[in-house]
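Now for the letters of each chain:
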Amino acid sequence: MKKYKLLFVVGGMLLLSSCSYKHAYQPIVFSKLDTTANYEALTERYASGEETNYIPKKEQKELYQGVNEKVAIQDVANVRELGGIITQDQRVIKAGHFYRSGHLGKLKKKNFKTLEQYNITQVIDLRTDREIKKHPDRLPSTIQYYNEQAFDDSEDMFSKARKEVLKGRVTVEESNKAVEDFYGIYVLDNPQKIREIVVRMLDSDQATLFHCSAGKDRTGMIGAIVLSILNVDRETIMEEYLLSNNGRVDDVSSRMKLAKFGKFLFPKIDYEVIENFSWIKPNYLEAMFAAIETKYGSMDSYIKDGLDISDAQRQAYIAKHTVILE
């Protein structure tokens, strides 16, 4: 397996080992669609001046926040839904259709009712076999479970790559390039599998929850593809993607504190490499779009030719999952 595949997997492995550190070694970009009350404080404390050019329209922010302000599943990280997002056709994605999150391995039976309240009838788990073995989803028997792996870790690169980071053999530049390369590999290596994932979601008449381990990379890419199919503009897709930074500040802070303690056992650990794998960055998702456009010419062509979703089928999905903005 190529080096960049090995390096990327480090991020997943580190995130599986999941409170505050006072300094971000690298500029962190937060989403302006944030729904948490302490967003301004988080921005001031952690951001380092890097900004996107996107300024959401007031109606977009209010619609999205109105849908998501009470979305939460206890013991499940990074939960939100895609409802309330305005498309380029001036339509709005319906609430209660698509939920995204981190893994459900810590979900308690007493909270199963939350999934029922959200009318979630299927869960799509994007993780590899080894990830699932460590934290298998806990679900009520009424929910259909699907494991859809578009990334093959049959060589156990997660474990091997983690060792490389602990030994200080991965640079910040290598880790950044590794993630960018993975984003291109994930959506292009097996487009039929990507099709299975998104079509299963779009064909459903009930709500779907899709997730990976932390709910940020693989989940972020699938979310971006679904939003693209529903004709959401690129800047809004990016803002939705970046929300995984806003919602994971405490998680990353805890992880960085563990890394500092780990320095005693592994003196060559590079904090910036760990941080690089813990946050998401605009250039990661941009790399996914760039890889698609290099091969297919445009996102529309990828949807039609790569995912084999016809124009008529796409329009049917738009009609099914969105309503006209009033």
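All of the points below concern the structure found in this document.

About the criteria used
- Residues numbered from 1 in each chain as written.
- Predicted model: local features only at pLDDT ≥ 70, side-chain atom pairs only at ≥ 80, totals over all residues.
- Heavy atoms only, no water.
- Pairing = 2+ DSSP bridges.
- Helix = DSSP H or I, 4+ residues; strand = E, 2+ residues; numbered from the N terminus.
- Contact = heavy atoms within 4.5 Å.
- Axes fitted to C-alpha atoms, helices over the stretch in contact; angles between N-to-C directions.
- Salt bridge = Lys/Arg side-chain N within 4 Å of Asp/Glu carboxyl O.
- Buried < 20%, exposed > 50% of the residue type's maximum accessible area, 1.4 Å probe, protein only.
- Patch = residues over 30% accessible without salt bridge, like charges linked within 9 Å, V, L, I, M, F, W, Y side chains within 5 Å.
- Areas by Shrake-Rupley, 256 points an atom, 1.4 Å probe, with all protein chains shown as cover.
- Phe/Tyr/Trp six-rings, centres within 6.5 Å; stacked < 30°, edge-to-face > 60°.
- Lys NZ or Arg CZ within 6 Å of the ring centre and 35° of its normal.
- Parallel < 35°, antiparallel > 145°, perpendicular 65-115°, else oblique.
- Left-handed = near helix turned anticlockwise from the far one by under 90°.
- Nonpolar A, V, L, I, M, F, W, Y, C, P; charged D, E, K, R; others polar.
- Polar contact = N/O pair within 3.5 Å; in protein donor to acceptor, adjacent residues only side chain to side chain.
- Arc of directions from axis to C-beta.

### Structural notes on the sheet that holds strand S1 (residues 80-81)
On the basis of which strands lie adjacent, the open sheet formed by 5 strands has the order S1-S3-S6-S4-S5 and mixed pairing. In the strand order of this sheet, the two ends are held by S1 and strand S5 (144-147), each with one partner. Sheet analysis places S1 next to strand S3 (residues 98-101), joined by 2 bridges and oriented antiparallel. Bridge pairing in S3 links Arg-80 to Arg-100. Packed on one face of the sheet, helix H8 (residues 191-203) meets S3, strand S4 (120-125), S5 and strand S6 (207-211) and runs near 170 degrees to S4.

### Comments concerning the pattern of salt bridges
This structure, assessed with the given rule, holds 17 salt bridges. For Glu-240, the salt bridge is made with Arg-80, and the minimal N-O distance between the two is 2.7 Å. Within this pair, whereas Glu-240 is found in helix H10 (residues 234-246), its partner Arg-80 is found in strand S1, the two being separated by 160 residues in sequence. Summarising the burial analysis for this pair, Glu-240 and Arg-80 share the class buried. Asp-300 is the partner of Arg-314 in a salt bridge, and the nearest nitrogen-oxygen pair spans 2.9 Å. Of this pair, Arg-314 sits in helix H15 (residues 311-321) while Asp-300 sits in helix H14 (residues 299-306), and the two are 14 residues apart along the sequence. Assessed through its relative accessible area of 10%, Arg-314 is described here as buried. Since its relative accessible area comes to 47%, Asp-300 is described here as partly exposed.

### Considerations on unusual backbone geometry
Positioned with a positive phi, Asn-119 is a non-glycine residue whose angle comes to about 60 degrees. Summarising the element assignment, Asn-119 is placed in the loop between helix H4 (112-117) and S4. A positive phi is found at Asp-308, a non-glycine position, where the angle reads about 55 degrees. You can see Asp-308 is positioned in the loop between H14 and H15.

### Quick look at a nonpolar patch on the surface
On the surface, Phe-261, Phe-264, Leu-265 and Phe-266 cluster together into a nonpolar patch covering about 530 Å² of accessible area. Examined against the element boundaries, Phe-261 turns out to sit in helix H11 (residues 249-262).

### Focus: the packing of aromatic side chains
All chains considered together, the criterion is met by 7 aromatic pairs. Centroid distance Tyr-296 to Tyr-302: 5.3 Å. Interplanar angle 70 degrees. Geometry classified as edge-to-face. Among the residues examined, Tyr-302 registers a relative accessible area of 0% and is labelled buried. Here Arg-200 stacks its cationic end above the ring of Tyr-146, 3.7 Å away from the centre of that ring. Above the face of the Phe-289 ring, Arg-234 is positioned so that its terminal group lies 3.7 Å from the ring centre.

### Topic: the packing of helix H7 (residues 172-188) against helix H13 (residues 282-296)
Remark: H7 packs on H13, axes separated minimally by 8 Å, with the N-to-C direction vectors making an angle of 45 degrees. Classified by the angle their axes make, H7 and H13 are oblique. In this structure, H7 crosses over H13, and the sense of that crossing is right-handed. Between H7, through Asn-176, Val-179, Glu-180, Tyr-183, Gly-184, Val-187 and Leu-188, and H13, the contact on the second element is made entirely by Asn-283, Tyr-284, Leu-285, Ala-287, Met-288, Ala-291, Ile-292, Lys-295 and Tyr-296. The class makeup of the residues in the contact of H7 with H13 is 11 nonpolar, 3 polar and 2 charged.

### A short note on the environment of Asn-119
In this structure Asn-119 comes out as partly exposed when scored by relative accessible area, which is 46%. Counting along the chain gives 87 residues from Asn-119 to Gln-206, while the straight-line C-alpha distance between them is 6.5 Å. With near-sequence residues (within four places) excluded, Asn-119 lies in contact with Gln-206 and Ala-207.

### Side note on the side chain of Gln-60
Relative to the helices and strands, Gln-60 resides in helix H3 (residues 58-68). The buried category is assigned to Gln-60, whose relative accessible area is 4%. At 2.9 Å, the side chain of Gln-60 and the backbone oxygen of Gly-84 are in polar contact. The contacts of Gln-60, once residues within four sequence positions are left out, are Leu-33, Tyr-54, Gly-84, Ile-85, Ile-86 and Thr-236.

### A word on H14
Those residues of H14 not exposed but buried are Met-299, Tyr-302, Ile-303 and Gly-306. What you see down the axis of H14 is that its buried residues fit within an arc of 110 degrees, all on one side. Residues of H14 that are buried make contact with H7, H8, helix H9 (218-229), H10, H13 and H15. Following H14 by one or two positions, Asp-308 adopts a phi angle in the positive range, close to 55 degrees.

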